[in-house]
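Here is what each chain is made of, one letter per residue.
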Amino acid sequence: MTVTAGEARDIILEGRRVSYILRRSARKTLGLRIDHRGLIVGVPLRVRLPDVESFIHSHARWIADKLAARSATVPCFEPTDGATLPLLGGAWRVRLGRGNNRVVWHETGPEPTIELALRAGGDARQLLRRGLQERALALFCNRVDEFCLRLGRPMPAVALSSARTRWGSCSLRSGIRLHWRLIHLPLSLIDYVVAHEVAHLVEMNHSPRFWSVVTSLYPEHAAARQALRKASAALPAL
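These lines cover the structure that appears in this document, whether it is placed above or below.

What to know about helix 4 (residues 187-199)
Given 3.6 residues per helical turn, the α-helix brings residues three or four places apart onto the same face.
Then, in step 1: Here helix 4 contains 13 residues, and its C-alpha end-to-end distance of 18 Å stays within 8% of the 18 Å for a straight helix at 1.5 Å per residue.
Then, in step 2: Counting buried positions over the 13 residues of helix 4 gives 11, a clear majority of the element.
Then, in step 3: Of all the positions in helix 4, only L189, I190, D191, Y192, V193, V194, A195, H196, E197, V198 and A199 are classed as buried.
Then, in step 4: Looking at the buried residues of helix 4, the elements they touch are helix 3 (124-151), strand 10 (168-171), strand 11 (175-179), helix 5 (208-217) and helix 6 (221-232).

This is the structure:
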């Protein structure tokens, strides 16, 4: 199936500005979906924008209810002493201590622990976010290198992203960018996202040839894609 890259747009629904991703493909009907990225609108290739917006307006109440429910269920993580944080699919204990504003990873013992060694008056949330991002970048570089080796391709530059609408992106000029919050998920799902982006080094599209490359790197990609959508809904907000 031919699918165009998602186009970020806004629309006013019931007096509120709502962002959405518009995706055109060789489908026959218009459809709506809400996931970790927000509202996604799938439409046939040649549907006019006014018709797309009319379709969205006709489902305004459903969209508002779903977005409100999604916002209400996103847990806001407070990095207090003893709190539990999902990391790499497991549960890590957060410990607050005194130090020079650094993160100490204790990976052995009865339970893995992240120690936030804070200066007096230090910001635990900011330090935790920084520590997670550093850990994420090191891991992502390792996984990108692994999948590039499988394809026989040189490893591109790897950077972190905080994009609202996608887990990763790939450019032949700037390299691969991966959302740092993937660090909360199991390695198998991180690998799916990495394999997807590395496959773009071969095919910069979503053609059958692209999916063939993805399959060669990650045969269970369809199941992983569904699991990613489900798991991402429960990620903590930092």
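What follows picks up the thread again.
So, the sheet that holds strand 6 (residues 90-98)
Then, in step 1: Read across the sheet, four strands follow the order 5-6-8-7 without closing on themselves; strand pairing throughout is mixed. Looking at which strands have only one partner, the edges of the open sheet turn out to be strand 5 (84-87) and strand 7 (102-106). Pairwise comparison of adjacent strand axes, ignoring direction, gives a mean angle of 35° for this sheet.
Then, in step 2: Where strand 5 meets strand 6, four bridges bridge the pair, whose relative direction is antiparallel. Within strand 6, the residue paired with L85 across the bridge is W92.
Then, in step 3: Sitting on the sheet, helix 3 is in contact with strand 5, strand 6, strand 7 and strand 8 (113-118), with an inclination near 130° to strand 8.

A look at the pattern of salt bridges
Then, in step 1: Within the structure shown, the criterion is met by 11 salt bridges.
Then, in step 2: Between R93 and E111 there is a salt bridge; the shortest N-O distance is 3.3 Å. One end of the pair, R93, is in strand 6; the other, E111, is in the loop between strand 7 and strand 8, and 18 residues separate them in sequence.
Then, in step 3: You can call E111 partly exposed: its relative accessible area is 30%.
Then, in step 4: For the salt bridge of R135 with E107, the shortest nitrogen-to-oxygen distance reads 2.9 Å. You can see R135 sitting in helix 3 and its partner E107 sitting in the loop between strand 7 and strand 8, a full 28 residues away along the chain.

What counts as what
Residue positions are given per chain, counted from 1 along the sequence in the order it is written. Two thresholds apply to this predicted model, a pLDDT of at least 70 for residue-level local features and 80 or more for giving and counting side-chain atom pairs, whereas whole-chain, interface and lining totals are computed over all residues. Side-chain numbers here rest on the full set of heavy atoms in the structure, without hydrogens or water. Numbering of helices and strands runs from the N terminus, with a helix taken as a DSSP run of H or I at least four residues long and a strand as a DSSP run of E at least two residues long. In this scheme, a helix's expected span is set at 1.5 Å multiplied by one less than its residue total. A 1.4 Å probe rolled over the protein chains alone gives each residue an accessible area, and that area as a share of the maximum for its type sets the label: buried under 20%, exposed over 50%, partly exposed in between. Should any heavy atoms of two residues lie within 4.5 Å, those residues are counted as being in contact. Whether two strands pair comes down to DSSP finding at least two bridges between them. The angle between two axes is taken between their N-to-C directions and runs from 0 to 180 degrees, where each axis is a line fitted to C-alpha atoms and a helix contributes only its stretch in contact. Salt bridge, as used here, is a side-chain nitrogen of Lys or Arg placed within 4 Å of a carboxyl oxygen of Asp or Glu.

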